[in-house]
Amino acid sequence: MKIIILKNGKEACEKAALLTIKEIKKKPNLVLGLATGKTMISFYNSLVKHFNKKEVSFFKVKSFNLDEYDGLGKDDKNSFRHYMDKKLFEKIDIREENIFFLDGKSKNVNKTCKEYDKLLNKNRRDLQILGIGRNGHIGFNEPGSNFKSKTRKIRLGRSTLKDNRGAKKFALTMGIKDIIDAKKIILIATGRGKADAIMNTVKGKINENVPSSILQKHKNVILILDKSAASKL
Ligand code: GLP
């Protein structure tokens, strides 16, 4: 695990954006896994800033988001799809047909999850961007998630519901196995609230009660942290 510690969240997100842009320049048709949450807002702002300066194009990039609330679609302000549209997709040149998302409004959730997994298998992520929950969740894989889990519907835990305004009780999420399948992973964590999760991710025993601890086994992971998130390392 490579660990980069920067002064604050803005610097951490700028660093993550620069590394992402470097990957897109190396491979313009990069398959990119994307995350949502408050931490990522500054990351997307940085990507948009560099796009506006014509330093990067997303025209050939394919994106796969990690998760979506069960029951929410594009038009709902609390959906992750809405978040992504407003914070990134509408501001860059990514093509609609290259945006892949779990459909929270699906009438047949099992089928939706299976189809997403098929797509993920066909499009191995070159780079997966991750945030982390206070309880060590990645995507919406809550503590106790099987390390071999694939895309599925999951009940959200208490701390997750508290931390995410507008959250629904259930969500659809890529599994741990899907996340780990990425060739390279960049996890961004900022703020004191993430310090325990980061300590457990880096130094804790690899176990399913801390989903992020599986990252210790991945060969190409970069943690980009601010000082507060790194304070317990
Ligand atoms: C949600 C998302 C995760 C994200 C986490 C942290 O649970 N599903 O992908 O990493 O929130 O969010 P925040 O950055 O708001 O702390």
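All of these numbers come straight from a predicted model, not from anything done at the bench.

Chemist: Quick rundown of the environment of I198? Include the residues and the values.
Modeler: Along the chain, I198 turns up in helix α7 (residues 195-203). Judged by relative accessible area, which is 0%, I198 ranks as buried. Ignoring sequence-local partners within four residues, the contact set of I198 consists of I132, L187, A189, L225, A229 and L233.

Chemist: Any details on the pattern of salt bridges? Residues and values, ideally.
Modeler: Working definition: two side chains of opposite charge can pair if their charged atoms are close together. For the structure on display, the rule yields 17 salt bridges. Between K27 and D126 there is a salt bridge, and its shortest N-O distance comes to 2.9 Å. Of this pair, K27 sits in the loop between α1 (9-26) and β2 (31-34) while D126 sits in the loop between α4 (109-122) and β6 (127-130); the two residues are 99 residues apart in sequence, bridging distant segments of the chain. Using a relative accessible area of 30% as the deciding quantity, one classes K27 as partly exposed. You can call D126 buried: its relative accessible area is 9%. A salt bridge links K86 to E90, with the shortest nitrogen-to-oxygen separation between them at 3.1 Å. Looking at K86, the relative accessible area reads 40%, which means it is partly exposed. It is possible to trace a salt-bridge network through shared partners that takes in K74, R81, D85 and E96.

Chemist: For the site of the ligand, give the residues involved together with the corresponding values.
Modeler: Around the ligand, the structure places 13 residues, and the nearest of them are K38, T39, D67, H137 and K194. K38 has a polar backbone atom sitting 2.7 Å from an oxygen atom of the ligand. D67 places a polar side-chain atom, nitrogen or oxygen, 2.7 Å from a nitrogen atom of the ligand. Protein chains bury 93% of the 390 Å² of accessible surface belonging to the ligand in isolation. Under a 2 Å grid-point criterion requiring more than half of the atoms, the pocket assigned to the ligand is the largest pocket.

Chemist: Talk me through a nonpolar patch on the surface; I want residue IDs and the actual numbers.
Modeler: A grouping of M1, I3, I5 and L233 is seen on the molecular surface, where their side chains present a nonpolar patch of about 310 Å² in accessible area. By relative accessible area, which is 40% here, M1 ends up partly exposed.

Chemist: Let's hear about the environment of R125: which residues, and what values?
Modeler: Relative to the helices and strands, R125 is located in the loop between α4 and β6. R125 sits in the buried class, given a relative accessible area of 0%. In this structure R125 touches V31, L32, G33, F64, L120, M174, D178, D181, A182 and K183, once residues within four positions along its chain are discounted. Here the side chain of R125 touches L120 through a polar contact of 2.9 Å, landing on its backbone oxygen. There is a polar contact of 2.8 Å between the side chain of R125 and the backbone oxygen of N123.

Chemist: Describe in detail the side chain of S212, supporting the description with residues and values.
Modeler: Relative to the helices and strands, S212 resides in the loop between α7 and β10 (221-226). Relative accessible area serves as the criterion here: at 0%, S212 is assigned to the buried category. Ignoring sequence-local partners within four residues, the contact set of S212 consists of I132, G136, I138, A197 and T201.

Chemist: Describe the sheet that holds β6, with residues and values.
Modeler: Reading across the sheet, the seven strands line up as β1-β10-β9-β6-β2-β3-β5 and stay open at both edges, with parallel pairing between neighbours. A single partner strand is all that each edge strand has here, and the edge strands are β1 (2-6) and β5 (99-100).

Chemist: So what's going on with the pairing of β10? Residues and values would help.
Modeler: In terms of residue burial, β10 counts as a mostly covered element, since six of its six residues are buried. Neither face of β10 is open: one carries V221, L223 and L225, the other I222, I224 and D226, and all of them are buried. Here β1 pairs with β10 via five bridges, running parallel. Considered in β10, the bridge of L6 is made with D226. Examined bridge by bridge, strand β9 (residues 184-189) and β10 share five bridges and lie parallel to one another. Residue I188 lies in a different strand from β10, and its bridge partner there is I224. In the classification by handedness, the crossover that spans β9, the intervening α7 and the parallel β10 is right-handed.

The rules we used
Residues numbered from 1 in each chain as written. Predicted model: local features only at pLDDT ≥ 70, side-chain atom pairs only at ≥ 80, totals over all residues. Heavy atoms only, no water. Helix = DSSP H or I, 4+ residues; strand = E, 2+ residues; numbered from the N terminus. Buried < 20%, exposed > 50% of the residue type's maximum accessible area, 1.4 Å probe, protein only. Contact = heavy atoms within 4.5 Å. Salt bridge = Lys/Arg side-chain N within 4 Å of Asp/Glu carboxyl O. Near = heavy atom within 4 Å. Polar contact = N/O pair within 3.5 Å; in protein donor to acceptor, adjacent residues only side chain to side chain. Areas by Shrake-Rupley, 256 points an atom, 1.4 Å probe, with all protein chains shown as cover. 1 Å grid on protein atoms, 1.4 Å probe; cavity = no way out; pocket = protein on both sides within 12 Å on 5 of 7 lines; lining within 4 Å. Sits in = over half its atoms within 2 Å of the grid points. Patch = residues over 30% accessible without salt bridge, like charges linked within 9 Å, V, L, I, M, F, W, Y side chains within 5 Å. Pairing = 2+ DSSP bridges. Right-handed = clockwise from strand over helix to strand, strands pointing away.

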